[in-house]
Amino acid sequence: MDEILINGGKRLCGDVRISGAKNSALPILASTILGGGECIITNVPRVVDVLTMGKLLGILGVKVSHEGNRAVIHAGTIESTEAPYDLVKTMRASVLVLGPLLARWGEAKVSLPGGCAIGSRPINLHLAGLAKLGADISIDQGYVTAKAARLKGGRIYCDTPTVTGTENLMMAASLAEGTTVLENAAKEPEIVDLADFLVKRGARIHGAGTDVITVEGVRELHGGDHEVIPDRIEAGTYLAAAAITRGDVTATHCRPNHLEAVLMKLREAGAEIQEEKDSVRLTMPKNLRGTDVRTLPFPGFPTDMQAQMAALMSLAEGTSVVTETVFESRFMHVEELRRMGADIRVEGNRLVVTGCKKLTGAPVMASDLRASAGLIVAGLAAEGTTQIQRVYHLDRGYERIEEKLGVLGAYIRRRPAGASH
Ligand code: EPZ
């Protein structure tokens, strides 16, 4: 297990190239199961979760080859329709093979994901939706098994907008007989990216990005090429790092229109932000001002930026209330930020953050992907050295983070846990 050491206090300046979106690459890779032709996916981030998805596809018999940020995939045959527990337990997003396996091969057996650091993470809405499409669903010994000779289109209403649930159901409906209407669908840009890729391969999908998605099922999908959209959460993370260090950073190869809620909050906190077509430049001329944040499904403020925002508000003037409405317990970063001197009170699903004059470096523990990102943001501004342990959490979703931060001027390095230098 590696750890990352940061000597904080250095202003970040310069350009950082944003990688492809992990949360778009994952469903796009899973969707290759739906058809037999060759798929060439570019701008794929080299992060652990993407490699895990590649491993899972390999177990199923899909041929995946990675060359840098490019993946070439052939899913002409299948050797298994089972996603095993020891792989699913490492990555919840493995559930994304459920819909494609069922739709293409008539059956799927996927280990239930179990809980994780940010909550129970149920998949009841995925399963209810697949049942509406005619699947026979059973749960036994921690696995869900779904069967259907051929799915039939239907009308599905999701009680709450679910990102991977919408993706699973949109993929399954692509090969169903007849038309499916998905209501209260999630609207994240990653869903639009997946729909664009499926349509290139012959799917008939309308309304992705709105809360009503209509899918006319087709018999089969052919191959296709696709470039994954930039990662809006990675971009937001680097902009928060620029803000907390009072730096001057331009995030390039990103989509400002995927970041509107985040940019609005950073401006409220005192940042000056210039948006171009595919880049965002942030400078911090004034002191950080406290502002309130409420996480919501897209286009609201993303829950995946909550920890980074809590870290930023720890050094802002005044008091900020950060409300987490998407997950039931996504505050694993709070105790660690407190160890660095942050003044944060947890009140139910809200954090009351009282800005303090400084944070001090300390040994802290990463617990989940975005909590770890919050600790990196805090460490970049803290006085002294912050030692972030268990950085494998970070490697799941951030490509070469210490390299990218180092180019921006951060004093940051990685070393094996327990090394003395
Ligand atoms: C996706 O997770 C993302 N992961 C998460 O990013 C992100 O935090 C989340 O969406 C919210 O934006 C991927 O895209 C791979 P949900 P997902 O289903 O789809 C409840 C990261 O850091 N729910 O939209 O699992 C659920 O408990 C990760 O990159 C049900 O109750 O999230 C939650 O409270 C972390 N039943 C809410 O809906 C269901 O069947 C939203 O969850 C499904 C979800």
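Look above for the structure.
Each value, and the rule that gives it
Residues numbered from 1 in each chain as written. Predicted model: local features only at pLDDT ≥ 70, side-chain atom pairs only at ≥ 80, totals over all residues. Heavy atoms only, no water. Near = heavy atom within 4 Å. Polar contact = N/O pair within 3.5 Å; in protein donor to acceptor, adjacent residues only side chain to side chain. Areas by Shrake-Rupley, 256 points an atom, 1.4 Å probe, with all protein chains shown as cover. Helix = DSSP H or I, 4+ residues; strand = E, 2+ residues; numbered from the N terminus. Nonpolar A, V, L, I, M, F, W, Y, C, P; charged D, E, K, R; others polar. Buried < 20%, exposed > 50% of the residue type's maximum accessible area, 1.4 Å probe, protein only. Contact = heavy atoms within 4.5 Å. Salt bridge = Lys/Arg side-chain N within 4 Å of Asp/Glu carboxyl O. Pairing = 2+ DSSP bridges. Axes fitted to C-alpha atoms, helices over the stretch in contact; angles between N-to-C directions. Core = buried A, V, L, I, M, F, W, Y, C linked by side-chain atoms within 4.5 Å.

*Asks:* Summarise the site of the ligand; cite the residues concerned and give the values.
*Replies:* In the region of the ligand, 23 residues are neighbours, and N124, T162, T164, D304 and V326 sit closest. Take L125: an N or O atom from its main chain is 2.7 Å from an oxygen atom of the ligand. At 2.6 Å from an oxygen atom of the ligand is found a side-chain nitrogen or oxygen belonging to T164. Relative to its free-state accessible area of 820 Å², the ligand is covered by the protein chains to the extent of 88%. Elements that contribute at least two residues to the shell around the ligand include exactly α1 (22–31), α5 (124–132), α6 (163–174) and α12 (369–381). Per element, the largest residue contribution to the shell around the ligand is 3 residues, and it comes from α5. Here the shell around the ligand is composed, by residue class, of 10 nonpolar, 7 polar and 6 charged.

*Asks:* Can you lay out helix α9 (residues 260–268) for me, pointing to particular residues and giving the numbers?
*Replies:* Think of an α-helix as 3.6 residues a turn; residues three or four steps apart then line up on the same face. Taken as a whole, α9 has its buried residues at A261, V262, L263, K265 and L266. Along its buried surface, α9 packs onto α8 (232–244), β16 (272–276), β17 (279–283), β18 (293–294) and α10 (306–313). Two residues or fewer after α9 comes G270, characterised by a positive phi angle close to 110°.

*Asks:* Which residues make up the pattern of salt bridges, and what values go with them?
*Replies:* Evaluation of the coordinates by the stated rule reveals 22 salt bridges. Residues E79 and K63 are paired through a salt bridge, measuring 3.7 Å at the closest nitrogen-oxygen approach. Placement of E79 in the loop between β5 (70–74) and β6 (82–83) and of K63 in strand β4 (residues 63–67) is noted, with a sequence separation of 16 residues between them. Take K63: its relative accessible area is 47%, and that puts it in the partly exposed class. We note a salt bridge from R155 to E183, for which the minimum N-O separation is 3.1 Å. Residue R155 is found in strand β10 (residues 155–157), and its partner E183 is found in strand β11 (residues 179–183); the two are separated by 28 residues along the sequence. When its relative accessible area of 54% is taken as the criterion, R155 is described as exposed. You can call E183 partly exposed: its relative accessible area is 24%. Salt bridges linked by common partners bring D2, D395, E402 and R414 together as one network.

*Asks:* Give me the lowdown on the side chain of N43, citing residues and values where you can.
*Replies:* Within the fold, N43 resides in the loop between β3 (38–42) and α2 (48–60). For N43, the side chain forms a polar contact with the main-chain oxygen of V228, separated by 2.8 Å. Not counting residues up to four positions away in its chain, the partners in contact with N43 are S19, G20, N69, E227, V228, I229 and P230.

*Asks:* Could you give an account of the sheet that holds strand β21 (residues 350–354), naming the residues involved and the relevant values?
*Replies:* Reading across the sheet, the 4 strands line up as β18-β19-β21-β20 and stay open at both edges, with mixed pairing between neighbours. Sheet topology places β18 and β20 (343–347) at the edges, where each strand pairs with a single neighbour. With 2 bridges connecting them, β18 and strand β19 (residues 319–323) associate as parallel partners. Counted as the bridge partner of V293 is V322 from β19. Each of β18, β19 and β21 is contacted by α10, which is oriented at about 25° to β21, the strand it contacts most.

*Asks:* Tell me about the pairing of strand β8 (residues 136–140), and name the residues and values.
*Replies:* Among the 5 residues of β8, 0 are classified as buried, and the element is accordingly described as predominantly exposed. With 5 bridges connecting them, β8 and strand β9 (residues 143–147) associate as antiparallel partners. Looking at β9, one finds that I139 is bridged to V144. Count of turn residues in the β8/β9 antiparallel hairpin: 2 residues, of which Q141 carries a positive phi of about 50°.

*Asks:* Before we move on, could you go through the nonpolar core and cite the residues and values that matter?
*Replies:* Judged by nonpolar contacts, the single largest core of 71 residues is most densely connected at L266, I376 and L405. Of the residues forming this core, the biggest block, 9 residues, is contributed by α8. The contacts of L405, once residues within four sequence positions are left out, are L12, Y238, I376, L380, A410 and I412. The next biggest cluster of nonpolar side chains, apart from the first, holds 69 residues, and it includes V47, L87, V95 and L175.

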